[in-house]
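Structural description and commentary
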Amino acid sequence: MSVFSRISSRRRTVAAASVTAALALALAACGSSKDSSMPGMDHGSPASASSSESGMPGMDHGSMPGMDHGSMAKGDGLSDTKDGYRLVSDAKELPAGKATAYKFTITGPDDKPVTGFAVDQTKRMHFYAVRSDLTGFQHIHPTMADDGTWTADLTALEPGSWRTYTSFTPDSGPGKGKDFVLSRTVTVPGDAKDTPLPAAAASTEADGYTVAVKGELKAGMAGPMTVSISKDGKPVTDLQPYLDTYAHLTAFHEGDQAFAHLHPETKVNGDKGGPDLSFHAQLDKPGNWRLFLQFQTGGKLHTAALTLRVG
């Protein structure tokens, strides 16, 4: 082999090694970068609170045409404090077997009582009381005094542990336009006996009405749900508007009493609705949920309860 041949051979070998090294460095850099492989996708960090609550990491429902669920309260409602807002009440016990008043205030980040609240489904405050075994459901619209003190008039309570929920939207301050669900526990003294949760079922009876639920929900994923109401085997078409809808639907999780409000998608169109009502449903935890559907006919409010199993 000539001198020139040997020199050319060495140059080709060095060049090949340089290319291989450069390629290896490029691949290593690409693999160490979270953003370079797929823009907008971070595989290394956990989903943010907003994405995990939506059930679809990285998806912003506000950017999807036709889906406006911005009024849906975030979180499970199991804390008395969120983002500086606090549910405050001196009540630690409530009497058993008789009507009683539950007084509370909502304080803001400045520790002062909040007095400005936006209207949500025709009310400025939605208040719920639910026993730990998910019986004794009460949904009340309390009244507020000028100093920000709210009064919820409860009907007779059975002995046991109860959780009281407040659902509201501040109309001013740093939380303006944000939906909150805050709760506290209260004890009703006496001989408390838990009632076993009824088994999951597709339908239930209430005041002579049959309420059937269709929709297979997965924990943490939003999906459609249809509620159909009938009586004596015939579709009910005389549902009256209640809270700016034909039915109000809330759910509570067995075990920890996590709260969820399932928002109606069937718009009110006149004084008569039914028999089928559509809901935007999202239940973030697997297991049994107790659903409470409230609807009105002939000026009377009916409440139907049903257990739904979420996978």
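What counts and how
- Residues numbered from 1 in each chain as written.
- Predicted model: local features only at pLDDT ≥ 70, side-chain atom pairs only at ≥ 80, totals over all residues.
- Heavy atoms only, no water.
- Helix = DSSP H or I, 4+ residues; strand = E, 2+ residues; numbered from the N terminus.
- Contact = heavy atoms within 4.5 Å.
- 1 Å grid on protein atoms, 1.4 Å probe; cavity = no way out; pocket = protein on both sides within 12 Å on 5 of 7 lines; lining within 4 Å.
- Points joined across faces, edges and corners; volume = space filled by probe spheres on them.
- Nonpolar A, V, L, I, M, F, W, Y, C, P; charged D, E, K, R; others polar.
- Pairing = 2+ DSSP bridges.
- Axes fitted to C-alpha atoms, helices over the stretch in contact; angles between N-to-C directions.
- Buried < 20%, exposed > 50% of the residue type's maximum accessible area, 1.4 Å probe, protein only.
- Polar contact = N/O pair within 3.5 Å; in protein donor to acceptor, adjacent residues only side chain to side chain.

Moving on, we come to the environment of Lys 231. With respect to the helices, strands and loops of the structure, Lys 231 is situated in strand β12 (residues 223-231). Distance in space between the C-alpha atoms of Lys 231 and Glu 205 is 9.4 Å, their sequence separation being 26 residues. Not counting the four nearest positions on each side in its chain, Lys 231 is found in contact with Gly 208, Tyr 209 and Val 236.

This part takes up empty space enclosed by the protein. Evaluation of the coordinates by the stated rule reveals 2 cavities of 30 Å³ or more. Its volume calculated, the largest cavity comes out at about 60 Å³. Forming the boundary of the largest cavity are Thr 204, Val 211, Val 213, Val 227, Leu 249, Leu 291, Phe 292, Leu 293, Ala 304, Ala 305 and Leu 306. Put simply, the parts of the chain that give the lining of the largest cavity at least two residues each are β11 (209-214), β17 (287-297) and β18 (300-310). Considered class by class, the residues forming the lining of the largest cavity number 10 nonpolar, 1 polar and no charged.

Let us now look at the sheet that holds strand β9 (residues 180-188). If you trace the 4 strands from one edge of the open sheet to the other, you get β5-β4-β8-β9, paired in antiparallel fashion. Edge positions in the open sheet fall to β5 (138-140) and β9, since each of these has one partner strand only. Averaged over all adjacent pairs, the angle separating strand axes in this sheet is 20°, with direction ignored.

With that settled, consider unusual backbone geometry. Between Gly 274 and Pro 275 the backbone carries a cis peptide bond, its omega angle lying at 0°. The backbone phi angle of Gln 121 is positive, close to 50°, even though this residue is not glycine. Under the relative-accessibility criterion, Gln 121 is labelled buried at 13%. Positive phi, close to 55°, is recorded for Leu 243, a residue that is not glycine. Of note, Leu 243 is situated in the loop between β13 (234-235) and β14 (248-253).

Our next topic: the pairing of strand β8 (residues 160-168). Counting buried positions along β8 yields 8 of 9 residues, so the element is predominantly enclosed. Taken together, the 6 bridges between strand β4 (residues 126-131) and β8 define a ladder with antiparallel strand orientation. Bridged to Arg 131 within β8 is Trp 162. Direction of pairing for β8 relative to β9: antiparallel, over a ladder of 9 bridges. Paired with Thr 166 across the two strands is Leu 182, which belongs to β9.

Within the secondary structure layout, Ser 89 lies in the loop between β2 (85-88) and β3 (100-107). Residue Ser 89 is classed as buried on the basis of its relative accessible area, which comes to 7%. A polar contact is formed between the side chain of Ser 89 and the backbone oxygen of Lys 103, at a distance of 2.9 Å. Each residue touching Ser 89, except ones within four places of it in the same chain, is listed here: Tyr 102, Lys 103, Phe 104 and Arg 184.

Any functional reading would require information that these geometric values do not contain.
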